[in-house]
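# Observations on the three-dimensional arrangement
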Amino acid sequence: MDALDNAEMLLILQQSLTKKRVLLVDRHAPARDSLRIMLSALGVTMVHGAGSSAEVLRQVKANRFDIVLSDFILEDGRDGQQLLEELRHAHLIQLSTVYMIITGERHYSNVVSLAELAPDDYLIKPFTAEQLQGRLVRAVYKKHVLRRIYENVERGALQEALAACDRVIQQQPVFMYDALRFKGELLHSLGRTREAEEVYRRVLEGKVVPWAKMGLAMALRDRNALDEAEELATQVTTETPEFLAAYDFLASVHEAQGRLDDAQKALQQASEVSPNNTLRQRLVGDVAARNGDLLTAEKAYGKVLERHRGSSLKTVDDFANLSRVLVERGDMVASR
């Protein structure tokens, strides 16, 4: 990264860290204290801590964080990746927020890039303050390069966001694939399916990555090429089974084909890998209920409510869904 080799740029970025508000997420208070001391040595003083997912949700609603450092293993069985997915889906942190996962699992580096919503970076324990600073500086720089895209996306100015993508592609080749990914998603959301398809094919010509295959599959589905879309998504589930969004997509294709049993099977496969993802559990419940598989629907909706106990992410619909299934099963007492 040429810009980061420039001593002046490095100094500016390092100094900018001192102005960042940071959230530390770890179930162990001593671990949070250790990280706080490390950040303090780097001049970072606006540091908050959270020991549980529920506390994270409370904190992100009360404060705007520039950086979130989350341990991989959280207190309630979910992990830092799942927490990121919930925060992003619920728009509780901004695109410009640096989200970094800290883990002792060395194989995590092989999994992180496969995630639908990948963190900005990861740190393998143990690490030094200098290593932490280096990773943060690089993550902050990337956010700086992509900031116009983020700003325009978050204010709904999608045409301006597309123009910002093109500028990054032309001027910052190191971040070309990041900008192409945004461009494909933006074109897709604007209904410009053919153009989105061209973007994903361009990516795949130079770099075979799961997200590009899935983007192309979505474009094919939108123009009703369901068999081709199914083939691509199946390739992703076979080649990179950790890319769980592929199962969700495959389920949507099966549903469009009228194959509800296969849709439920795809969702349940993903749920077995990641049982604590409440968004997916809700989908399992919805499809199972339509399939008449009331026992599976009850279990799925029950897991959603269990995971969201004490959380702001629970909804009235979750209670209504479970009650409806219990009534259909004839369990009038439990449905009350």
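Just above, that's the structure.
## Quick word on helix H13 (residues 226-239)
Two residues of an α-helix separated by three or four positions point the same way, owing to the 3.6 residues in each turn. An ideal rise of 1.5 Å per residue puts 20 Å on 14 residues; H13 measures up with 20 Å between its terminal C-alpha atoms. Of all the residues in H13, the buried ones are Leu226, Ala229, Glu230, Leu232, Ala233, Val236 and Thr237. Along the axis of H13, the buried residues cluster in a sector spanning 165°; they form a single face. Turned more than 90 degrees off the buried face of H13, the exposed positions are Asp227, Glu231 and Thr238.

## Overview of the packing of helix H11 (residues 193-206) against helix H12 (residues 210-222)
At a closest axis distance of 9 Å, the pairing of H11 and H12 adopts a crossing angle of 155°. Viewed along their axes, H11 and H12 adopt a mutual orientation that is roughly antiparallel. Of the two possible hands of crossing, H11 and H12 adopt the one that is left-handed. Counted together, Thr193, Glu197, Tyr200, Arg201, Val203 and Leu204 of H11 and Trp211, Ala212, Lys213, Gly215, Leu216, Ala219, Leu220 and Asp222 of H12 form the full contact between these two elements. In terms of residue class, the contact of H11 with H12 is built from eight nonpolar, two polar and four charged.

## Points about unusual backbone geometry
Excluding glycine, residues mostly have negative phi values, and the peptide bonds linking residues are mostly trans. Omega for the bond connecting lysine 125 with proline 126 falls within 30 degrees of zero, at -10°, which places this linkage in the cis form. Topologically, proline 126 is positioned in the loop between strand S5 (121-124) and helix H7 (129-145). Of note in the backbone geometry, histidine 91 takes a positive phi value of approximately 55° without being a glycine. With a phi close to 65°, asparagine 224 is a non-glycine residue in the positive phi region. Position of asparagine 224 relative to the elements: it lies in the loop between H12 and H13.

The rules behind the values
- In this numbering scheme, every chain counts its residues from 1 along its sequence in written order.
- Local features in a predicted model are, by the rule used here, given only for residues with pLDDT of at least 70; side-chain atom pairs are given and counted only at 80 or more, and totals for whole chains, interfaces and linings are based on all residues.
- For side-chain calculations, the full set of non-hydrogen atoms in the structure is used, while hydrogens and water are omitted.
- Numbering of helices and strands runs from the N terminus, with a helix taken as a DSSP run of H or I at least four residues long and a strand as a DSSP run of E at least two residues long.
- Between the first and last residue of a helix there are one fewer steps than residues, each counted as 1.5 Å, and that sum is the expected span.
- Remark: exposure states derive from per-residue accessible area (1.4 Å probe, protein chains only) relative to the maximum for the residue type, with buried under 20%, exposed over 50%, and partly exposed in between.
- As used here, the arc belongs to the directions running from the helix axis to the C-beta atoms.
- Only the contacting stretch of a helix is used when fitting its axis, a line to C-alpha atoms as for every element, and angles between N-to-C directions run 0 to 180 degrees.
- For classification, angles of less than 35 degrees are called roughly parallel, those exceeding 145 degrees roughly antiparallel, those between 65 and 115 degrees roughly perpendicular, and all remaining angles oblique.
- Should the near helix be turned counterclockwise from the far one by less than a right angle, the crossing is left-handed, whereas a clockwise turn marks it as right-handed.
- Note on contacts: a residue pair qualifies if any of its non-hydrogen atoms lie within 4.5 Å across the two residues.
- Residue polarity is assigned by list, with Asp, Glu, Lys and Arg as charged and Ala, Val, Leu, Ile, Met, Phe, Trp, Tyr, Cys and Pro as nonpolar; anything else, Gly included, falls into the polar class.

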